[in-house]
Amino acid sequence: FGRSAGSTQRFNQIILGLRELGHEIRLWSFKNPSGYQWTDVDLERAKELGVEVVLTSRGEFEPSILEGIDAVWGIYFHYMKFYEGFDGPSLVDTHDLLTPNFQIDEYFSNFLSKDGEIFKFDRDVFKEPFHTDFPIRDEELDVYRKFHPLMISLRETEKLEKKKIKSTWLPYLTSLPDGISDYSGRALYLSSAHLNNLWGNDLLGTDILPRVRLEAPDFEIDCIGELDTIC
């Protein structure tokens, strides 16, 4: 994930939290040819934090890398078939249910166009009724029956429960003491440059924010994350 993505912050929380509990942390990652690839600065920083990083080419899986490891974070369900032949992880964090996301991507992409560097959704995508029937495919469910899934959304754990699959909810953000914050700045809008979020950004800007400003003309938000730096 990109350095400013919400998932990156979440993984940082998990990794540093486990390290504080005395666990040994090893990051096993692809040598990603995209702009998200590991740099020498990243690897040096990980070393300073006491985190080992193992880089491998995409599609190359060495069983000895993961033998005896209890949990894998941030792995797509369709890679889990590579772990079945050895003593590998029993817990898997896929962030959320993925096959509905894939179908949402396909649906939204039909309404998306690009003008230069600017992405824009066709206004028809905002018309009700919204298309909401995106089922979890059996390929994904079969993996969760073999490996215990960790989810960031209670709603998604409930979806798996209906399929008689037990999962564990791992909150995206830690709770504040007594639910109280001393933050007094503008509202924060955090989002990555995922298709779902691009759609949400357009909906916020074209439909929701104008309605809010009819009631509160001075209302402003701070946009942070990839949606700010990329979009």
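Residues numbered from 1 in each chain as written. Predicted model: local features only at pLDDT ≥ 70, side-chain atom pairs only at ≥ 80, totals over all residues. Heavy atoms only, no water.

*Asks:* Looking at this structure, how should I read the pattern of salt bridges?
*Replies:* Opposite charge on two side chains lets them pair, provided their charged atoms get close. Taken as a whole and judged by the stated rule, the model has five salt bridges. Ionic pairing is found between Arg26 and Glu52, a salt bridge with its closest N-O pair at 3.2 Å. Highlighted residues: Arg26 in strand S1 (residues 26-30) and Glu52 in strand S2 (residues 52-56), separated in sequence by 26 residues. Between Asp222 and Arg186 there is a salt bridge, with its nearest N and O atoms 2.7 Å apart. You can see Asp222 sitting in strand S10 (residues 221-224) and its partner Arg186 sitting in the loop between strand S8 (168-169) and strand S9 (187-190), a full 36 residues away along the chain. The class of Asp222 is partly exposed, set by a relative accessible area of 24%. Exposure remark for Arg186: the relative accessible area of 39% places this residue in the partly exposed category. Members of the salt-bridge network, linked through shared partners, are Arg186, Glu220 and Asp222. (Salt bridge = Lys/Arg side-chain N within 4 Å of Asp/Glu carboxyl O. Helix = DSSP H or I, 4+ residues; strand = E, 2+ residues; numbered from the N terminus. Buried < 20%, exposed > 50% of the residue type's maximum accessible area, 1.4 Å probe, protein only.)

*Asks:* Looking at this structure, I do not really get the packing of aromatic side chains. What am I missing?
*Replies:* The full count for this structure, using the stated rule, is three aromatic pairs. The structure contains a cluster of three or more aromatic residues connected by ring pairs, namely Tyr107, Phe108, Phe111 and Phe134. (Phe/Tyr/Trp six-rings, centres within 6.5 Å; stacked < 30°, edge-to-face > 60°.)

*Asks:* Help me understand the side chain of Glu156, please; the structure alone is not making it clear to me.
*Replies:* Within the secondary structure, Glu156 sits in helix H6 (residues 154-162). Within the buried set, Glu156 has no salt-bridge partner at all; the shortest N-O distance to an opposite charge, 4.2 Å, is to Lys159. Within polar-contact distance, the side chain of Glu156 engages the backbone nitrogen of Leu97 at 2.6 Å. Those residues in contact with Glu156 that lie beyond four places of it in its chain are Asp96, Leu97 and Met151. (Lys, Arg positive; Asp, Glu negative; His and termini not counted. Polar contact = N/O pair within 3.5 Å; in protein donor to acceptor, adjacent residues only side chain to side chain. Contact = heavy atoms within 4.5 Å.)

*Asks:* What's the story with the environment of Asn197 in this structure? I'm lost.
*Replies:* With respect to the element layout, Asn197 can be found in helix H7 (residues 195-215). Asn197 gets classed as partly exposed once you look at its relative accessible area, which sits at 24%. In this structure the C-alpha to C-alpha distance between Asn197 and Leu227, which are 30 residues apart in sequence, comes to 8.0 Å. Once you skip the residues sitting within four places of it in the chain, Asn197 turns out to touch Tyr189, Ser191, Ser192 and Leu227.

*Asks:* What am I meant to see in the environment of Leu188 here?
*Replies:* Among the secondary structure elements, Leu188 is positioned in strand S9. The spatial distance from the C-alpha of Leu188 to the C-alpha of Ile224 is 7.1 Å, given a sequence separation of 36 residues. With residues up to four places along the chain from it excluded, the contact list for Leu188 reads Tyr183, Asp222 and Ile224.

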